[in-house]
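Below are the chains, spelled out letter by letter.
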Amino acid sequence: MSVVLVDGGGTNIGSVRYALQRLGVDAPLTTDAARIRAASHVILPGVGAAGPAMRRLADFDLVGTLRSLRQPVLGVCLGMQLLFEHSEEADTPCLGLIPAAVRQLPAAPGLRVPHMGWNRLLPRRAHALLAGLPDEAYAYFVHGYAAPPGPWALAGCRHGEDFSAIVQKENFYGMQFHPERSAAVGSLLLKNFLTL
Amino acid sequence: MLTRRLIPCLDVRDGRVVKGVRFRDHVDVGDILDLALRYRGEGADELVFYDITASPQGREVGTAWVARVAAAIDIPFCVAGGIASVDGARAVLQAGADKISVNSPALARPALIAELADAFGVQCVVVGIDSLRDADGEWRVRQYSGDPQRARALARPTLDWIEEAVALGAGEIVLNCMGADGVREGYDLPQLRAARARCPVPLVASGGAGAVEHFSAVFAEADVDAALAASVFHSGQVAIPALKRHLREQGLEVRP
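Small disclaimer: the values here were computed from a predicted structure and weren't measured. (Residues numbered from 1 in each chain as written. Chains lettered and ligands numbered in written order. Predicted model: local features only at pLDDT ≥ 70, side-chain atom pairs only at ≥ 80, totals over all residues.)

Contact with chain B, which involves 28 residues of that partner, is made by 32 residues of chain A. Those elements giving two or more residues to the side of chain B that touches chain A turn out to be α2 (64–72) and α3 (86–94) of chain B. Residue classes in the side of chain B that touches chain A are distributed as 15 nonpolar, 6 polar and 7 charged. (Contact = placed C-beta atoms within 7 Å. Helix = DSSP H or I, 4+ residues; strand = E, 2+ residues; numbered from the N terminus. Nonpolar A, V, L, I, M, F, W, Y, C, P; charged D, E, K, R; others polar.)

This is how it looks when you write it as structure tokens:
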């Protein structure tokens, strides 16, 4: 197994790398297309805004590379949002691997945005990625934008409205929360991803 | 549904965790990593590390201990104390912190909040506020509270500062009610209720926790998103598993 972390400039890259180390996997950071293509598993972390993140992928000429990957690819937080067609955040075209648009979470009285904290995962369809997940599984979310529910959702979550928490389409996977900061639940999901 | 968060706060000085009463007379309570792992194991939802030596001395936090914590724990944590620039914040975030919290430097230069939000997103920008009720009944902010020599009262009303900070890009507010801090008689419910009404982003209550009932009261009566405490957790007077059982019995949602 050779896991790489795509260096999309997000500040949570260190945390994701540490989480993999706790699972006994050393994943180098890279922006090199050949190394990314050669990896068995590719993780695209990301914290920040969609516009600068897509620009950075374009600057390193990685948009085509990421779209053409056939091995398991995991987008984390913003990295998951980038898998979709478009983000409402600064009207940004994204990688277009999942046919839907990411939208801002609406604020409402008593409903805080950003959605920040531990919220419950609501499984939608069976998949090896969710193997062993406890009935009452909570994950740590920090985000202001979200992907809608749809056939791509392996698990949803609810903050005022339903949104996608774990997604999958073909070999592309995404987690809106931070598995690297979601205690035992996050560790299990990362471990499952590495077995795909 | 989003659960209410319990956040042990670890005041850090010279690489050790310390605790004082009413911000003064600090005593050593343990090693950073030992306490971080202990709280993670007990079910803390998040940790705050507050470098109380940093801001008054005009230096930014060192990042070596931040990286050690990030490598060891798998729950989110925030680093506070003396972060006064985008570069200083970047160093802490790249070392593995999930959020950074600014207090006195943001009062000195409010544009710092907007610069941090632009650089890293509002989700990792926390604004900490030390607040005390003055003789005229108005809550006003305090600056450099970590240093008795430099601590000072400002003319700025706390509730106005909350609104300004959120408008500039604060993604979360930690309101430390200094009148209640360290005396364990309960959170300052009137002030937190007033803050809640003016604060559309997550609000964290700080100062005054002494018993499990204080936590259920602050969630139920001030509708805060999280409750922060230090001494009651460090002393073992309130254990997190028992606290979570109590909150669940009161109908409040918490992470198992």
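Moving on, we get to the confidence of the model for chain B. Averaged over every residue, the pLDDT of chain B is 90; the share at 70 or more is 94%. For this predicted complex, the interface score ipTM comes out at 0.91, while the overall pTM is 0.92. (pLDDT = per-residue confidence, 0-100.)

All names here are of chain A. Note that E170 resides in the loop between β13 (161–169) and β14 (172–175). By C-beta crowding, E170 is classed as exposed, having 12 other C-beta atoms within 10 Å. It is 15 Å that separates the C-alpha atoms of E170 and A100, two residues lying 70 residues apart in sequence. (Buried ≥ 20, exposed ≤ 12 C-beta atoms within 10 Å, placed from the backbone.)

Bringing the pairing of strand β12 (residues 226–229) of chain B into the picture now. Residue and element names in this part refer to chain B. Burial along β12 is two-sided: the residues A226 and L228 and A227 and A229 are all buried. Relative to β12, strand β1 (residues 5–13) runs parallel, the two being bridged by 4 bridges. Among the inter-strand pairings, L6 is bridged to a residue of β12, identified as A227. What joins strand β11 (residues 203–206) to β12 is helix α8 (residues 212–222), and the crossover it makes is right-handed. (Pairing = 2+ DSSP bridges. Right-handed = clockwise from strand over helix to strand, strands pointing away.)

Working note: regular strand, side chains alternate between the two faces of the sheet. Residues and elements named next belong to chain A. Among the 7 residues of strand β12 (residues 153–159), 6 are classified as buried, and the element is accordingly described as predominantly covered. With 2 bridges connecting them, strand β9 (residues 122–123) and β12 associate as antiparallel partners. Residue pairing in the sheet places L122 in a bridge with G156 of β12. Sheet topology places β12 next to β13; 6 bridges connect them, and they run antiparallel. Residue pairing in the sheet places A155 in a bridge with I166 of β13. The turn joining β12 and β13, which pair antiparallel and follow one another in sequence, is formed by 1 residue; a positive phi near 80° is taken by G160.

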